[in-house]
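# Structural characterization, general
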Amino acid sequence: MPIYIARKLAFFILAVIAASIAIFLLIRGAGGNVAAVVLGKDATAEAINALAQQYGLDRPMVVQYFDWIGKLLQGDLGRSFRTNESVADLVVSRLSISIPLCVSGLVLGLLIAIPAGTYSALYSDRPLGALVALLSQVGIAVPVFWAGILLSLLFGVRLGWLPTGGWTNWDANFWGAVRSLVLPVISLGLILGASLTRYVRSAVLDVMNQDYVRTARATGMTQMQALLQVGLRNAALPIATVVGLQIAELIGGTVIIETVFSLPGLSRMILANVAAREVIVVQSTVMLIIIFVMLINLIVDLLYGVLDPRVRLAR
Amino acid sequence: MTAPAAIEVRDLHVVYDGLAAVRGLSFTVPAGGRMGLVGESGSGKSMTALALMGLLPPGWKAQGTILHDGVDLITQTDKALSARRGRTVSMVFQDPMSSLNPVRRVGDQIADVIRRHGGVGRHEAMGQTIDLMMQMNLPRPEQLARSYPHQISGGQKQRIMIAMALACYPQLIIADEPTTALDVTVQKQVLRLLSAATRERNSALLMITHDLPVIAAMCDTVAVMYAGRIVEYGPVRQVFRNPRHHYTRGLLDSQPTMDNIALDGSSRLTSIPGMVPPLPALPSGCAFHPRCPVATDICRARMPEIDAATGAACWHPVAASQPAVAS
């Protein structure tokens, strides 16, 4: 296990370094003269040069790269060109929406998918099992924005139970913030649950047809015991992989749901800053997301080691 | 013969939506007895085994009577059967590579069976596991018990499987091709172990295989299956020395022996022409007639039953050879 962890950690660090170079080159390479873009068409050459100098944009790329990375390592993500806000503060305030949204959505999705997928795998010949499989298909086909709008119409407009959109800060009104998140979380959870149901179903189907489940039955386990003690434990491997990928996709990928419910989350912030050519904001935020995604992958890899002795003990 | 049989099967049918994999099987394995069930792939051997265990694949149904330990297994609920599986009747499967749970230590897998049926604590179960592993001639059992299946050899895995099957001293062990997936050098050791361990526990053995020498070495009686029916049934010596069914004879003639393997390469090994018929297209009458050298009209028209005198289900049984010396 220590060798396994060390290898995964080394890979993680190398991948983060490679990613940082790629992001830097992509964003700087595509941006043209950053200072000129920020100041707009009517800016004078002096103003452009002054801004470039102020942010060190006139230095060689290599120097700028190491300057950025060095500050990043100290927790300094840079400042917005326009508003001079600290990127770190921006990201933290946006994450206070995005993280609860993504985590609750994913948990809700799993709470739906694990029982539903398992049931439809075991009882595919029963009407309810077929219905679950059908609903999951429908859920995959429904776009998340449409689900969001429908929920918003029902619970927000018609019943008036929950806000149709908007955001109040956690510290200003805690329960108000929770209420703002309910509908987005349900929309996200339903859609995620639908696709995860498919994965759980196929993982359980696959595992329950394995010879070792038959052995478990032949030594006296009931179908339910074989499922709970042998089946789900083995099915957890492929499911962990998919969940890891879903988390990675979610953290920067909830732009549609944030837009439908007017939530100022991380995804919308990135989109707005790309449009505004806020190079340093985009660069640092994307870097953070990449580190986060790789961290999730690392955790999934380590979880694999815990779940599967064949991985843990492999040379 | 007052001791109840380990298992008594009467007119067993295994069907799926109009198809029949097993068609009217009857046999008895006495307590502590050893019966071999032979036949080509597709003859219904494995389906018979799974029917006895109550573990048929989804959609398949068993009909008839399976008497075991005073009850008819066919009428039992799955829950009642679960309480028996591994305790009064257990099974060793064909492929030990895939038959053990890959994420659980092998010692724990044996101990699980002991704890499930024996009602003993964790510590006691592990002690019994180590004893059992020692009886299975597994080297350094304490250390091996902590291994995962992927860390041990195929022969060791099958010994673990046998230990799991024997753990609760079952009345009957069904072994379905237990050595087919193993190296030839290991096969014999595993068979010897299975034979000795079942004898020690006085467990009856139902040995399913297409390997005739294995049956000859290990069993008292043999049932030859073809297309879901028993075509010949009797003591091993009698059936093998003097087969009365043309299918049994064909099987025996297809076995390489020192006599029919010519060293110069001009082999005289024979084979049975044709193939086992697929389930949806079973021939009329005697299912073997399309491949039989002596088939006549009656074979095509009517299905023969086992004849008490010959032990063969055949309209034109092979002539009895002269008994050499009456003992």
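Residues numbered from 1 in each chain as written. Chains lettered and ligands numbered in written order. Predicted model: local features only at pLDDT ≥ 70, side-chain atom pairs only at ≥ 80, totals over all residues. Heavy atoms only, no water.

For chain B, the name recorded in an unreviewed UniProt entry is ABC transporter, with Devosia geojensis as its organism. Note on chain B: under the UniProt heading Sequence similarities (unreviewed entry), the record states "Belongs to the ABC transporter superfamily." (UniProt positions renumbered as here; feature names shortened; annotations may be inferred.)

Under the annotation held in an unreviewed UniProt entry, chain A carries the name ABC transporter permease and is attributed to Devosia geojensis. Database annotation for chain A, UniProt heading Subcellular location (unreviewed entry): "Cell membrane". Reading the Sequence similarities (unreviewed entry) entry of the UniProt record for chain A gives the comment "Belongs to the binding-protein-dependent transport system permease family."

A separate point is a nonpolar patch on the surface. Taken together, the side chains of Phe145, Trp146, Ile149, Leu150, Leu153, Val157 and Ile256 of chain A define a hydrophobic patch exposed on the protein surface, amounting to about 640 Å² of accessible area. Among the elements that take part in the nonpolar patch, helix α7 (residues 144–158) of chain A stands out by supplying six residues, more than any other. (Patch = residues over 30% accessible without salt bridge, like charges linked within 9 Å, V, L, I, M, F, W, Y side chains within 5 Å. Areas by Shrake-Rupley, 256 points an atom, 1.4 Å probe, with all protein chains shown as cover. Salt bridge = Lys/Arg side-chain N within 4 Å of Asp/Glu carboxyl O. Helix = DSSP H or I, 4+ residues; strand = E, 2+ residues; numbered from the N terminus.)

All right, on to the sheet that holds strand β5 (residues 71–72) of chain B then. All names here are of chain B. Taken together, four strands build an open sheet; the order of strands is β2-β1-β4-β5 and the sheet is antiparallel. Two strands in the sheet have a free side with no partner beyond their single neighbour: β2 (19–29) and β5. Sheet topology places strand β1 (residues 7–16) next to strand β4 (residues 61–68); six bridges connect them, and they run antiparallel. In the strand pairing of β4, Val14 is matched with Ala62. (Pairing = 2+ DSSP bridges.)

Each partner contributes residues to the interface: chain B has 23 residues there, and chain A has 21 residues. When the two sides are added together, the surface that chain B and chain A hide from each other amounts to roughly 1900 Å², 59% of it contributed by carbon and sulfur. It is Pro102, Val103 and Arg116 of chain B that lose the most area in chain B upon contact with chain A, and together they represent 28% of the buried surface on that side. Linking chain B with chain A are one salt bridge. A salt bridge links Asp78 of chain B to Arg217 of chain A, with the shortest nitrogen-to-oxygen separation between them at 3.1 Å. Inspection of the chain B/chain A interface yields nine residue pairs in polar contact (both at pLDDT 80 or more). (Contact = heavy atoms within 4.5 Å. Buried area = accessible area lost by both parts, 1.4 Å probe. Polar contact = N/O pair within 3.5 Å; in protein donor to acceptor, adjacent residues only side chain to side chain.)

UniProt's entry tags residues 95–300 of chain A with the feature "domain: ABC transmembrane type-1" (unreviewed entry), counted in the numbering of this structure. Between the C-alpha atoms that bound residues 95–300 of chain A there is a distance of 22 Å. The span itself is 82% helix and 0% strand.

What follows deals with the domain arrangement of chain A. For an interface, size is often stated in terms of accessible area lost upon the parts coming together. Residue and element names in this part refer to chain A. As assigned here, chain A comprises domain 1 (1–82 + 276–315) and domain 2 (100–269). Here the C-alpha centroids of domain 1 and domain 2 sit 31 Å apart. Counting from both sides, the interface comprises 13 residues of domain 1 and, opposite them, 13 residues of domain 2. When the two sides are added together, the surface that domain 1 and domain 2 hide from each other amounts to roughly 1100 Å², 78% of it contributed by carbon and sulfur. (Domains from an automatic or database assignment.)

Once that is clear, we can look at the domain arrangement of chain B. Residue and element names in this part refer to chain B. According to the domain assignment, chain B consists of domain 1 (31–59 + 77–88 + 172–326) and domain 2 (96–169). Placing the centre of domain 1 and that of domain 2 at their C-alpha centroids yields a distance of 30 Å. In this complex, domain 1 contributes 18 residues to the contact, which on the side of domain 2 involves 17 residues. Interface area lost by domain 1 to domain 2 is led by Arg87, Leu193 and Arg201, which between them contribute 42%. One can count zero salt bridges joining domain 1 with domain 2. The interface formed by domain 1 and domain 2 includes five residue pairs in polar contact (both at pLDDT 80 or more). Those elements that place two or more of their residues in the side of domain 1 that touches domain 2 are α2 (78–84) and α8 (184–201). Per-class residue counts for the side of domain 1 that touches domain 2 are ten nonpolar, five polar and three charged. (Nonpolar A, V, L, I, M, F, W, Y, C, P; charged D, E, K, R; others polar.)

Right, let's get into the pattern of salt bridges. Between side chains of opposite charge, pairing is possible as soon as their charged atoms come close. Tallied over the entire structure, the rule returns 15 salt bridges over all chains. Arg10 of chain B is paired through a salt bridge with Glu8 of chain B; the nearest N and O atoms lie 3.0 Å apart. For Arg10 of chain B, a relative accessible area of 40% translates into the label partly exposed. Judged by relative accessible area, Glu8 of chain B falls into the partly exposed class, the value being 25%. Salt-bridge contacts for Arg249 of chain B lead to Asp253 of chain B; the nearest nitrogen and oxygen are separated by 3.9 Å. In this pair, Arg249 of chain B and Asp253 of chain B are both assigned in helix α11 (residues 246–253), four residues apart and thus about one turn of the helix distant. When its relative accessible area of 37% is taken as the criterion, Asp253 of chain B is described as partly exposed. The structure contains a network of salt bridges with shared partners spanning Arg59, Asp67 and Lys71 of chain A. (Buried < 20%, exposed > 50% of the residue type's maximum accessible area, 1.4 Å probe, protein only.)

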